[in-house]
Amino acid sequence: MPGKAQRSRPWPRVAATGCDRLTPKVGPFIVAYRNFGSDTVSHFDIQVLEQQVDELIQICSRLREENTWLRARQATLADDRAQLVEKTELARSKVESMITRLKSMEEDL
């Protein structure tokens with residue numbers, strides 16, 4: 001349009017059969033839009049969009065489950081680490097105590 005600056009689009013403009021096809025990428029999905037000079041959307045486009053929304057819902061569900069599992073795993077590992085740090089400190093204390101006793105026994109000889 002003359003006189004108006006063109007807006008940048010987040011999707012490429014691809015020439016299709018007799019119409020412009022705009023395909024924004026949404027993660028691994030491509031949403032198809034057709035510009036017929038009006039806001040007409042075909043039944044096929046709606047089905048594709050519904051399928052992609054269903055796939056996104058499934059992905060979100062899987063990611064939620066994985067996130068829950070990872071958080072539980074992180075908590076378990078943090079507890080294990082705390083126990084290992086405690087055991088290490090106890091062992092260090094015992095070794096230092098033994099070294100002190102050995103030095104005192106050596107001095108008594």
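Whatever comes next refers back to the structure up there.
All of these numbers come straight from a predicted model, not from anything done at the bench. (Residues numbered from 1 in each chain as written. Predicted model: local features only at pLDDT ≥ 70, side-chain atom pairs only at ≥ 80, totals over all residues. Heavy atoms only, no water.)

1. Considering the overall build of the protein chain
Let me state the cut-off plainly: A run of H or I in DSSP counts as a helix once it spans at least four residues, and a run of E counts as a strand once it spans at least two, with each numbered from the N terminus. A simple rule labels every residue: compare its accessible area, found with a 1.4 Å probe on the protein chains alone, to the largest value its type can have, and call it buried under 20%, exposed over 50%, or partly exposed in between. Any two residues having at least one pair of non-hydrogen atoms within 4.5 Å are treated as being in contact. In short, Shrake-Rupley with a 1.4 Å probe defines the accessible areas, and a residue's cover is counted only from the protein chains shown.
The helix and strand inventory of the protein chain stands at one helix and five strands. Listed by position from the N terminus, the elements making up the protein chain come as β-β-β-β-β-α. Per-residue burial over the protein chain gives 9% buried out of 109 residues. Contacts spanning at least 24 positions in sequence make up 7% of the contacts within the protein chain whose residues lie at least 6 apart. Of the roughly 9,900 Å² of accessible surface on the protein chain, a fraction of 57% belongs to carbon and sulfur atoms.

2. Details of the environment of E89
How we decide: A 3.5 Å cut-off defines polar contacts: any pair of N or O atoms within that distance qualifies, except that in protein one atom must be a possible hydrogen donor and the other a possible acceptor, and neighbouring residues in sequence count only when both atoms are side-chain atoms.
By secondary structure assignment, the location of E89 is in helix α1 (residues 43–108). For E89, the side chain forms a polar contact with the side chain of R92, separated by 2.8 Å.

3. With respect to the pattern of salt bridges
Short version of the rule: For this document, the term salt bridge refers to a Lys or Arg side-chain nitrogen within 4 Å of an Asp or Glu carboxyl oxygen.
One pass over the structure, following the stated rule, counts one salt bridge. Between R92 and E89 there is a salt bridge, with the nearest N and O atoms lying 2.8 Å from each other. Taken as a pair, R92 and E89 lie in helix α1 at a separation of three residues, close to a single helical turn. Look at R92 and you get partly exposed, because its relative accessible area is 42%.

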